[in-house]
Amino acid sequence: MKASERLETARLVIRRPVRADVKTMFARYASDPDVTRFLGWPRHQSPSDTRRFLRFSDAEWHHWPAGPYLVWSRETGALLGSTGLSFETHYRAVTGYALAKDSWGHGYATEALQAMVELARSVGVRRLYALCHTEHRASWRVLEKCGFVREGILHSHSEFPNLTPREICDVLCYAKLLP
Ligand SMILES: CC(C)(COP(=O)(O)OP(=O)(O)OC[C@H]1O[C@@H](n2cnc3c(N)ncnc32)[C@H](O)[C@@H]1OP(=O)(O)O)[C@@H](O)C(=O)NCCC(=O)NCCS
């Protein structure tokens, strides 16, 4: 079953990215060193990196019930950031979120993550989880506000390509089971 490519929450429009979004994605968050600091993908150096991500996104959407989404303000129409589901099996998916800096601190990540939880549930995901850097308190807080449970620390698990030095770090694993 495919998920809806577009959904709305109280303040957000959340929809699948398309080619025409590339320049805005690049400018708003994908090229920003502060936004990408704790992310698992290298900061985009040019819009061609963002176009490559779009090809990845299309492949995800082709193979799985859903994939990456962009998060937009209903009020202003501005691009706020991105979220999505990355499926590992039909019942297990990883989620995440990245917002443009001017959109931090308004509860948007929490609202977007709540939408991802319901979307995941609607397509039969049983385990939705997220990994985050052990120092990334804002991200823990978003996960905890959405009812994710800290399962533990995964040691020497993830590379953070935008941190200097580029190291393999411990990460916190948060999961939500969806009966
Ligand atoms: C992490 C991120 C998604 C949070 O987005 P946001 O929309 O500001 O999050 P919300 O407003 O929904 O919630 C943030 C919560 O963290 C808290 N918080 C923010 N910074 C914090 C800090 N340094 N220490 C502790 N708590 C912090 C906020 O007070 C808020 O909690 P509250 O509602 O109880 O007050 C955003 O900062 C971001 O996009 N960062 C860059 C990308 C990124 O790192 N993504 C996550 C990768 S794991």
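Residues numbered from 1 in each chain as written. Predicted model: local features only at pLDDT ≥ 70, side-chain atom pairs only at ≥ 80, totals over all residues. Heavy atoms only, no water.

A short note on a positive patch on the surface
Judged by side-chain charge, Arg19, Lys23, Arg51 and Arg55 come together as a positively charged surface patch. The exposure class of Lys23 is exposed, given its relative accessible area of 65%. (Patch = residues over 30% accessible without salt bridge, like charges linked within 9 Å, V, L, I, M, F, W, Y side chains within 5 Å. Areas by Shrake-Rupley, 256 points an atom, 1.4 Å probe, with all protein chains shown as cover. Salt bridge = Lys/Arg side-chain N within 4 Å of Asp/Glu carboxyl O. Lys, Arg positive; Asp, Glu negative; His and termini not counted. Charge placed at Lys NZ, Arg CZ, Asp CG, Glu CD. Buried < 20%, exposed > 50% of the residue type's maximum accessible area, 1.4 Å probe, protein only.)

Observations concerning the packing of aromatic side chains
Centre-to-centre distance and the angle between the planes together describe a pair of aromatic rings. Per the counting criterion, the structure on display carries three aromatic pairs. Ring centres 6.0 Å apart and planes at 40° place the aromatic pair Phe53 and Phe56 in the tilted group. Note that Phe53 and Phe56 are positioned in helix α3 (residues 47–63) at a spacing of three residues, about one turn of the helix. Above the ring of Trp140, the side-chain terminus of Arg150 is found at 4.6 Å from the ring centroid. (Phe/Tyr/Trp six-rings, centres within 6.5 Å; stacked < 30°, edge-to-face > 60°. Helix = DSSP H or I, 4+ residues; strand = E, 2+ residues; numbered from the N terminus. Lys NZ or Arg CZ within 6 Å of the ring centre and 35° of its normal.)

Considering the site of the ligand
Around the ligand, a shell composed of 21 residues is seen, among which Leu99, Gly105, Thr110, His136 and Lys145 lie nearest. At 3.0 Å from an oxygen atom of the ligand is found a main-chain nitrogen or oxygen belonging to Ala109. Residue His136 places a side-chain N or O atom 2.6 Å away from an oxygen atom belonging to the ligand. Put simply, the parts of the chain that give the shell around the ligand at least two residues each are β5 (92–99), α4 (108–122), β6 (127–133) and α5 (137–145). Looking at which element gives the most residues to the shell around the ligand, the answer is α5, with six residues. Split by residue class, the shell around the ligand holds 12 nonpolar, six polar and three charged. (Near = heavy atom within 4 Å. Polar contact = N/O pair within 3.5 Å; in protein donor to acceptor, adjacent residues only side chain to side chain. Nonpolar A, V, L, I, M, F, W, Y, C, P; charged D, E, K, R; others polar.)

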